[in-house]
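Notes for the structure review
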Amino acid sequence: MRSHDVDYRILGHDIQVVEIELDPGESVIAEAGTMVYMDEPIAWDTRMGDGSEPDQGFFGKLLSAGTRMITGESLFMTHFTHAGSYGKAKVGFSAPYPGTIMPLDLSTLPNGLIVQKDGFLAAARGTKIGIHFNQRIGSGLFGGEGFILQKLTGDGKAFIHAGGTVIERRLNGEMLRVDTGCVVAFEPGIEFNITRAGNLKSMIFGGEGLLLATLRGTGRVWLQSMPVKKLIQALMPNGANAQKESGTVLGGLGRMFDE
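About the criteria used
- Residues numbered from 1 in each chain as written.
- Predicted model: local features only at pLDDT ≥ 70, side-chain atom pairs only at ≥ 80, totals over all residues.
- Heavy atoms only, no water.
- Helix = DSSP H or I, 4+ residues; strand = E, 2+ residues; numbered from the N terminus.
- Buried < 20%, exposed > 50% of the residue type's maximum accessible area, 1.4 Å probe, protein only.
- Contact = heavy atoms within 4.5 Å.
- Pairing = 2+ DSSP bridges.
- Axes fitted to C-alpha atoms, helices over the stretch in contact; angles between N-to-C directions.
- Core = buried A, V, L, I, M, F, W, Y, C linked by side-chain atoms within 4.5 Å.
- Polar contact = N/O pair within 3.5 Å; in protein donor to acceptor, adjacent residues only side chain to side chain.
- Salt bridge = Lys/Arg side-chain N within 4 Å of Asp/Glu carboxyl O.
- Phe/Tyr/Trp six-rings, centres within 6.5 Å; stacked < 30°, edge-to-face > 60°.
- pLDDT = per-residue confidence, 0-100.

**A word on the overall build of the protein chain**
Helix and strand counts for the protein chain come out as four helices and 17 strands. Within the protein chain, the proportion of its 259 residues that are buried is 43%. In the protein chain, the proportion of contacts linking residues at least 24 apart, taken out of those at least 6 apart, comes to 78%.

What follows is the structure in structure tokens.
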């Protein structure tokens, strides 16, 4: 199924909204609970699956929707359709926490895009949302971080949400080390793994956590400056804003090594 050709604009700065404009009969799919507003001609319906295979039977839809539950997402997706017979209608979506909305044209990504499991926001109907199992051993051993991801394929517009500022990097056979929560998306030509963060002293007292993500290969990667886990830590009463050593295991005791 070819994706519907939708128009859009991004509104705002810190907490953005993507406003999608639909012609009669056009549809957009979105995660449940992301809709902010919609014009009167818009009809919405909650369904299993992404609608990319309209002839798929019930059990096929159930299997497709069930794979989303593996990533921690809802079994259902919301479909918004311009049900009128003329004119244009708009529907707006926003992510649940501050950040940046990334519009992507999947027709320029013939092999699809790998996205963190909570990064998908909305897409033109016809976009297929599947799962991607990272087969690297490190990713599977350390709490599932980066082990089960989403894969978007299609030929239309898709919208990804990232926390804070988005940084796009293009790798050419290089390796990039990143905080595990800061990876938003990457092309399938990139190999993603989880590794130990330096030596024992760095792991305990460095404040950067015990693990790092490594991205290696050729293709584009997108990073976020403020993943939701860091935002939560910063807002906690004894979070990162209270003391800079809060990210370490033993807090200020790390200074003992410098005395």
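Resuming the write-up.
**A word on the sheet that holds strand β1 (residues 7-11)**
Two modes of strand pairing occur in sheets, parallel and antiparallel, and in both the strands are linked by backbone hydrogen bonds. The strand order β1-β2-β7-β4 describes an open sheet built from four strands, whose pairing is antiparallel. Unpaired on one side and paired on the other, β1 and β4 (35-38) mark the two borders of the sheet. Shown here is a sheet whose adjacent strand axes are inclined to one another by a mean of 20°, direction ignored. Direction of pairing for β1 relative to strand β2 (residues 17-22): antiparallel, over a ladder of five bridges. By the bridge assignment for β2, Leu11 is matched with Val17.

**Side note on the sheet that holds strand β8 (residues 99-105)**
Strand order in this open sheet of six strands is β5-β6-β3-β10-β13-β8, and the pairing throughout is antiparallel. The sheet terminates laterally at β5 (42-48) and β8, the two strands that pair on one side only. Between one strand axis and the next, the sheet turns through 20° on average, direction left out of account. As judged from the three bridges shared by strand β10 (residues 120-124) and strand β13 (residues 157-163), these two strands associate in the antiparallel manner. The partner of Phe120 across the bridge, within β13, is Ile160.

**Comments concerning the nonpolar core**
Core analysis: the largest hydrophobic core is formed by 18 residues, its most contacted members being Met102, Leu113, Phe120, Leu152, Ile160, Val184 and Trp222. Considering each element in turn, this core owes the most residues, three residues, to β13. Here Met102 is in contact with Ala158, Phe159, Ile160, Ala162, Val166, Val184 and Trp222, once residues within four sequence places are set aside. The next biggest cluster of nonpolar side chains, apart from the first, holds 17 residues, and it includes Val6, Ala89, Ala95 and Ile101.

**Some details on the side chain of Thr127**
Summarising the element assignment, Thr127 is placed in the loop between β10 and β11 (128-133). The buried category is assigned to Thr127, whose relative accessible area is 0%. Of the polar contacts made by the side chain of Thr127, one reaches the backbone oxygen of Ala124; its length is 2.9 Å.

**Overview of the pattern of salt bridges**
Scanning the model with the defined rule gives six salt bridges in all. Of the charged contacts, one joins Glu168 and Arg220 as a salt bridge, the two residues approaching to 3.9 Å between their closest N and O atoms. Residue Glu168 is found in strand β14 (residues 166-179), and its partner Arg220 is found in strand β17 (residues 211-224); the two are separated by 52 residues along the sequence. Assessed through its relative accessible area of 46%, Glu168 is described here as partly exposed. Relative accessible area serves as the criterion here: at 18%, Arg220 is assigned to the buried category.

**Considering the packing of aromatic side chains**
Taken as a whole and judged by the stated rule, the model has three aromatic pairs. On the basis of an interplanar angle of 70° and a centroid distance of 5.2 Å, the ring pair of Phe80 and Phe93 is categorised as edge-to-face. Of the two residues, Phe80 is situated in strand β6 (residues 76-82) and Phe93 in strand β7 (residues 89-94); the sequence distance between them amounts to 13 residues. Overall, the relative accessible area of 0% leaves Phe93 in the buried class. Ring plane angle 10° and centroid distance 5.5 Å describe the contact between Phe186 and Phe192, whose orientation is recorded as stacked. Accessibility assignment for this pair places Phe186 and Phe192 in one class, buried.

**Observations concerning the confidence of the model for the protein chain**
On average, the protein chain scores 78 in pLDDT, and the residues at 70 or more come to 69%. Note on residues 137-144: pLDDT is under 50 here. Beyond four places in sequence and across chains, it has 13 contacts. Note on residues 243-259: pLDDT under 50 across the span, and 19 contacts to partners over four residues away in sequence or across chains.

**Digging into the pairing of β13**
Most of β13 is tucked away, with six of its seven residues classed as buried. By the bridge criterion, seven bridges tie β8 to β13 in an arrangement that is antiparallel. When the sheet's bridge partners are listed, Pro103 is paired in β13 with Phe159.

**Remarks on the environment of Glu40**
Tracing the backbone shows Glu40 in the loop between β4 and β5. By relative accessible area, Glu40 is classed as exposed at 80%. Each C-alpha atom, one on Glu40 and one on Val91, is 9.6 Å from the other, the two residues being 51 residues apart in sequence.

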